[in-house]
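Here is how the chains run, residue by residue.
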Amino acid sequence: QMNSLLNAPVLLWKDGKLGEFEAFRDSLVLELLYGGGLRVSELCALTHKHIDLLQGVALVSGKGRKERLCPLGPTAIQCLRIFHKRFDLDAAPEAPVICDYRGRRMDPRSIQRMLKTYLRAAGLPLDMTPHKLRHSFATHMLDEGADLRAVQELLGHANLSTTQIYT
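What follows covers the overall build of the chain. Across its full length, the chain carries eight helices and three strands. Walking the chain from its N terminus toward its C terminus, one meets helices and strands in the order α-α-α-β-β-β-α-α-α-α-α. Here the C-alpha atoms of the chain give a radius of gyration of 15 Å, agreeing with the 15 Å that 2.2 N^0.38 yields for 167 residues. When the backbone C-alpha atoms are referred to their principal axes, the chain occupies close to 45 × 40 × 25 Å. Out of the 167 residues belonging to the chain, those deemed buried represent 45%. Surface summary for the chain: the accessible area is close to 9,000 Å², and the carbon and sulfur share equals 51%. Side-chain charges of the chain comprise 22 positive and 18 negative groups, with the mean position of each set lying 5 Å from the other.

Here you go:
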């Protein structure tokens, strides 16, 4: 299901149902939400100064302004590089990582609406939310043998009991 969802923007672009900019940006959005376990609010607040491509991490400010490092997988890093290079977007330290075609920061509601488009295209339940991508991130990590405490840190949960829900 995740593979279908992650591939949906490019498939819609190739079918001529979506513009190139949106396909690349939305692929990046999905990769960061799922691959990094980010909350949608954290993704929207992300600026270029928070990204370390060499280390493959993003510094995010979570609930209670607690900062944590989130992993950026190779696919997310590649999406980010292609997106900004291909569309010559502002990569200044304070510039948003996720933006509209005018360079304006996207808001959580826009990302929620965007997700519905790809859920339809992938034939997936429309009740999935950006936060459920975060749940999938955690569940898949635990299924592959990740330590519960490590997942707790990656998600920025204050209490282990919150993370234990995924077991």
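After that view of the structure, there is still more to cover.
Here we take up the environment of A58. Of note, A58 is situated in strand β2 (residues 57-61). Using a relative accessible area of 0% as the deciding quantity, one classes A58 as buried. Apart from the residues within four sequence positions on either side, A58 is in contact with L46, H50, I51, R68, L69, C70 and L72.

In this structure the tally under the stated criterion is five aromatic pairs. Summarising the aromatic geometry, the rings of W13 and F24 are spaced 5.4 Å apart at their centres and angled 65° between planes, so their arrangement reads as edge-to-face. Note that W13 is positioned in helix α1 (residues 2-14) and F24 in helix α2 (residues 20-36), a separation of eleven residues in sequence. Classification of W13 as partly exposed rests on a relative accessible area of 28%.

With respect to topology, three strands assemble into an open sheet ordered β1-β2-β3, the strand pairing being antiparallel. The two strands at the open ends of the sheet, each matched to only one other strand, are β1 (51-52) and β3 (67-71). With five bridges connecting them, β2 and β3 associate as antiparallel partners. Counted as the bridge partner of A58 is C70 from β3.

As a further point, take the side chain of E42. Looking at where E42 falls in the secondary structure, it is placed in helix α3 (residues 40-45). Taking the relative accessible area as the measure of exposure, E42 reaches 3% and is therefore buried. Setting aside chain neighbours within four positions, we find E42 in contact with V60, S61, G62, R68 and R134.

Moving on to the pairing of β3. With burial as the criterion, only one face of β3 is covered, namely that bearing R68 and C70; the residues E67, L69 and P71 on the opposite face remain uncovered. Counted between consecutive antiparallel strands, the loop separating β2 from β3 contains five residues, among which G64 sits at a positive phi close to 65°.

Thresholds, definitions, all that
- Residues numbered from 1 in each chain as written.
- Predicted model: local features only at pLDDT ≥ 70, side-chain atom pairs only at ≥ 80, totals over all residues.
- Heavy atoms only, no water.
- Helix = DSSP H or I, 4+ residues; strand = E, 2+ residues; numbered from the N terminus.
- Rg over C-alpha atoms; globule rule 2.2 N^0.38 Å.
- Buried < 20%, exposed > 50% of the residue type's maximum accessible area, 1.4 Å probe, protein only.
- Areas by Shrake-Rupley, 256 points an atom, 1.4 Å probe, with all protein chains shown as cover.
- Lys, Arg positive; Asp, Glu negative; His and termini not counted.
- Charge placed at Lys NZ, Arg CZ, Asp CG, Glu CD.
- Contact = heavy atoms within 4.5 Å.
- Phe/Tyr/Trp six-rings, centres within 6.5 Å; stacked < 30°, edge-to-face > 60°.
- Pairing = 2+ DSSP bridges.

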